[in-house]
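# Close look at the chain arrangement
The chain contents come next:
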Amino acid sequence: MDRDLFAARLAASAESAYAFARPMISEDLPAPLVFRIRLDQSYDGDGPLSGDLRFPADSAAGRAAALRRCDAAGAVAELWRDGWVPEWINVALVGETGTDTVVELVCCGRFTDDDTKLYHAGEGVPPFHVVGPALPPSYDETPFSIHTRTGCWDSTDLAHLADVSGNVWSFELNTDAFDDDELRALPDLPHVEVFEHRACALGTMSALARFPALRVLRLALTAPGRFHISAADDHLDTLKDLTITNLAPRPWGHDAIAEVAPAVTSISLTAHETLWLDGTFGPYARDISLVAPTIAGPTRMPTYLDRLGIHLTQGDDQQVVELLDGVAGLRSLSLRGTPVTDAVLPVLDRYDLGHLDLVDTDVSTSALFKFRTDHPGTGLLPRTPPLRASDRRILGRC
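Everything in this summary refers to the structure shown in the same document. (Residues numbered from 1 in each chain as written. Predicted model: local features only at pLDDT ≥ 70, side-chain atom pairs only at ≥ 80, totals over all residues. Heavy atoms only, no water.)

## Looking at the pattern of salt bridges
Applying the stated criterion across every chain, the model contains 20 salt bridges. Note that Arg-54 is salt-bridged to Asp-52, the shortest N-O span being 3.8 Å. You can call Arg-54 partly exposed: its relative accessible area is 24%. Arg-198 is the salt-bridge partner of Glu-196, the closest N and O atoms lying 3.3 Å from each other. Each of the salt bridges in this network shares a partner with another, and the network as a whole consists of Asp-58, Arg-63, Glu-78 and Arg-81. (Salt bridge = Lys/Arg side-chain N within 4 Å of Asp/Glu carboxyl O. Buried < 20%, exposed > 50% of the residue type's maximum accessible area, 1.4 Å probe, protein only.)

## Overview of the pairing of strand 8 (residues 170-173)
Here strand 7 (residues 149-152) pairs with strand 8 via four bridges, running parallel. In the strand pairing of strand 8, Cys-152 is matched with Leu-173. The parallel pair strand 7 and strand 8, bridged by helix 4 (residues 155-164), forms a crossover whose chirality is right-handed. Relative to strand 9 (residues 194-200), strand 8 runs parallel, the two being bridged by four bridges. In the sheet register, Glu-172 faces strand 9, and the bridge partner there is Glu-196. (Pairing = 2+ DSSP bridges. Helix = DSSP H or I, 4+ residues; strand = E, 2+ residues; numbered from the N terminus. Right-handed = clockwise from strand over helix to strand, strands pointing away.)

## Section: the side chain of His-254
Inspection of the secondary structure puts His-254 in the loop between strand 11 (241-245) and helix 6 (257-260). By relative accessible area, His-254 is classed as buried at 0%. In this structure the side chain of His-254 is engaged in a polar contact, spanning 3.1 Å, whose partner is the backbone nitrogen of Gly-279. If we ignore the near neighbours within four places in the chain, the residues touching His-254 are Leu-269, Trp-276, Leu-277, Asp-278, Gly-279, Thr-280, Phe-281 and Thr-299. (Polar contact = N/O pair within 3.5 Å; in protein donor to acceptor, adjacent residues only side chain to side chain. Contact = heavy atoms within 4.5 Å.)

Below you can see the structure in the form of structure tokens.
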């Protein structure tokens, strides 16, 4: 694509997004526009297609921060690469800084120099697709604050946050520059229900107890060796949904979650090495996800669960059986990516499963067919292919 044409389409799409959002937003939106660029936002796990270009550096740490506030020329320079452009780009207003309105560009990770591959040709400005701002919960078609969903990257954002803090419902903190004491110095966010810390260097969760409506907490740890939960920490009594990623391969305070967040119902824990589980999950936990190579430590699951995901790339049948020991009721189970074998299936017979995911496990095709026959009410993945003759012989002996 010609560079000037791409620049003109970007400008036209940004103005359309501004005009679309302006009647919906309660703030007076500044006329100057700046761009936040989010690269590599498509799912491209199947590898490059013919004629595509991929840029692995687009997903590198720090790229999002570097591209959080670009002028139009900077956006064009980033996205037009010698005639190659993303196959699709979603355009939406996401904020205002007091002097500028922020337009977010969510970009496909696949680049092409073939205009026939560009999405949204019917809108007249491919690859751009204008969408509205994210709506608030319980939207009733009245104007709402553009800061309902907002974030903080640096001290400039922090200064503006103090002016709009009463409007924030969902908040993203995208820097590890705040320690526990500095996080306590954030402006009051009396209505924030969702707090996502994408670069968390905190030592505990106590600093978050000052947000009285906090319901969903997501922590991506950048200093896992510092992080530890203690029963002596300030309690997060309103918290229902907890996600922690990049946990250290050592005890980190799993045994204290039930005390610090007594009302939590959904827990997702991820570690890049061993995931330590040395406690219970609390009396109200009904949705649990565990992602790691392997697990260690004595733990006990709740007696009844709605959903359980066990994703252990170096796990085995015994680990799964031990985790399920004591679970009397379970509606949905995913073992995707865990190399369990046919031996785990008899353990599952005691559950009335509505859904079972065994994709990328070592369970045989014949065992999948038998399980499907014995449990016709269970939605089973993977979809079983036609039986081979050897499978039929094995199944006939079962």
